[in-house]
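Single-letter residue listing:
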Amino acid sequence: MADQYAHRGDDKRPTEIPALRWEEPPEGPVLVLLDQTRLPAEEVERVCTDASALVEAIRSLAVRGAPLLGIAGAYGVALAAMRGFDVDEAAAALAGARPTAVNLAVGVRRAHSAHEAALAKGGDVQQAAAAALAAARQLHREDAEASGRMAQHGLALLDELLPGGGHRVLTHCNTGSLVSGGEGTAFAVALAAHRTGRLRRLWVDETRPLLQGARLTAYEAARSGMAYTLLTDNAAGSLFAAGEVDAVLIGADRITADGSVANKVGSYPLAVLARYHHVPFIVVAPVTTVDLDTADGASIEVEQRPGHEVTEVTAPQVAVAGTEAGGGIPVAPLGTQAYNPAFDVTPAELVTAIVTEEGVVSPVTAEALAEVCARSRRVTTG
């Protein structure tokens, strides 16, 4: 397949506007988000002054991606504490904003626990709020560091599985700096390959129905100067059949104790295609995404999103006259019912490896995952 199909971005800068940051203007602390629903048309920031605004931003996907949701959730608890709102109520609302992504609940729990621990030690409300903020900032730093280590481990794995470089990598959804305190998860591995001259091409699934691949991954790839090509999700099969994919790299929103992986819907078909065509299927995620309390994939609560995301098409920044439900352009008859799970689940036997900041798990087994989590706890508490 000829290289003229690849798009090479001219702007080699990474995303300059952080996906999330904490600010303390005179009128009170705020959490500032890069509104991902407006990308790539425009870079617009959204300011959250309370947890309810953040919950709405999470549900609308203005802020998204498993690691970043954990960071946002922690800051949301701190925001409630700093502004004098009910912290328990805020924590409960934030943790339930998106049920499948386990990082969100993990982040909320860390900041909430720090807040409660400060109060239990006799601290006042200001000290407890400061403790929650410190926990959020620590989680933010840890995620940035984890991103760098995952990139190193993932690149080493690619080189081991595919010696000689020239990697042609297929990815799904968005896993770059827009979902992380650092440069991402799966995208960070591809970016590391690009920077060392070992990435021949990044294949970008458009990721229907909300087009996170087309809107966000292509945006990040272009800004990083990567050679990338966008494809419709249902073109992936022909790409595998043509022998154009050397590896699949995806992120994860939850990894269960047995190694089942919940990720953006469309990931499971890629795993099946990869197995049939003998292509490595690699999941890249921080240890915070591993949920040892959930036994298997059947136990994961998969988020069901509104049907209008399927029956309508909405273009960023474009005002259109459409139905009240989504305000988009209808692409199905009025009243059409839609099946719209946000995620699907890939069983462990289809996963070649899980790359974490603590190392690579391959083959993927419950025992190996538990050991990686235990290692992470020892590092954190040591």
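Keep in mind the model is a prediction, meaning the values are calculated, not measured.

Calculation rules
Residues numbered from 1 in each chain as written. Predicted model: local features only at pLDDT ≥ 70, side-chain atom pairs only at ≥ 80, totals over all residues. Heavy atoms only, no water. Salt bridge = Lys/Arg side-chain N within 4 Å of Asp/Glu carboxyl O. Helix = DSSP H or I, 4+ residues; strand = E, 2+ residues; numbered from the N terminus. Buried < 20%, exposed > 50% of the residue type's maximum accessible area, 1.4 Å probe, protein only. Phe/Tyr/Trp six-rings, centres within 6.5 Å; stacked < 30°, edge-to-face > 60°. Lys NZ or Arg CZ within 6 Å of the ring centre and 35° of its normal. Axes fitted to C-alpha atoms, helices over the stretch in contact; angles between N-to-C directions. Left-handed = near helix turned anticlockwise from the far one by under 90°. Contact = heavy atoms within 4.5 Å. Nonpolar A, V, L, I, M, F, W, Y, C, P; charged D, E, K, R; others polar. Pairing = 2+ DSSP bridges. Patch = residues over 30% accessible without salt bridge, like charges linked within 9 Å, V, L, I, M, F, W, Y side chains within 5 Å. Areas by Shrake-Rupley, 256 points an atom, 1.4 Å probe, with all protein chains shown as cover. Lys, Arg positive; Asp, Glu negative; His and termini not counted. Charge placed at Lys NZ, Arg CZ, Asp CG, Glu CD.

**Concerning the pattern of salt bridges**
- Scanning the model with the defined rule gives 18 salt bridges in all.
- Arg46 is the salt-bridge partner of Asp35, the closest N and O atoms lying 3.8 Å from each other. Separated by 11 residues along the polypeptide, Asp35 in the loop between strand S3 (30-34) and strand S4 (45-48) and Arg46 in strand S4 bring together distant segments of the chain.
- The class of Asp35 is buried, set by a relative accessible area of 7%.
- Of the charged contacts in the structure, one is a salt bridge between Arg198 and Asp159, with a shortest N-O distance of 2.5 Å. On the criterion of sequence distance, the pair formed by Arg198 in the loop between helix H6 (186-195) and strand S6 (199-205) and Asp159 in helix H5 (residues 125-161) is long-range, its members being 39 residues apart.
- Residues participating in the shared-partner salt-bridge network are Arg98, Glu303, Arg305 and Glu309.

**A look at the packing of aromatic side chains**
- Evaluated as defined, the whole model comprises one aromatic pair.
- When the centroid spacing of 5.7 Å and the interplanar angle of 20° are considered together, the rings of Trp22 and Tyr75 count as stacked. Here Trp22 is found in strand S2 (residues 20-23), whereas its partner Tyr75 is found in helix H2 (residues 66-82), with 53 residues between them in sequence. As far as burial versus exposure is concerned, Trp22 and Tyr75 are alike and both buried.
- Between the NZ or CZ atom of Lys264 and the centre of the ring of Phe343, over which it lies, the distance is 4.8 Å.

**So, the packing of helix H4 (residues 102-120) against H5**
- At a minimum axis distance of 8 Å, the contact between H4 and H5 shows a crossing angle of 145°. Note that H4 runs across H5; the crossing there is right-handed. Across from Gly107, Arg110, Ala111, Ala114, His115, Ala118 and Leu119 in H4, the residues of H5 making contact are Gln127, Ala128, Ala129, Ala131, Ala132, Ala135, Gln138, Leu139 and Glu142.
- Looking at the contact of H4 with H5, its residues break down into 10 nonpolar, four polar and two charged.

**Examining the sheet that holds S3**
- Overall, antiparallel pairing links the three strands, which are arranged S2-S3-S4 in an open sheet. At either end of the open sheet lies a strand with only one pairing partner, and these are S2 and S4. Across this sheet, the average inter-strand angle for adjacent strands is 25°, counted without regard to direction.
- Pairing between S3 and S4: four bridges, direction antiparallel. Within S4, the position partnered with Val32 by the bridge is Val47.
- On top of the sheet, H2 reaches S2, S3 and S4; it is set at about 15° to S2, its chief contact.

**Points about a negative patch on the surface**
- A surface patch of negative charge is lined by Asp86, Asp88, Glu89 and Glu116.
- One can find Asp88 in helix H3 (residues 87-95).
- When its relative accessible area of 46% is taken as the criterion, Asp88 is described as partly exposed.

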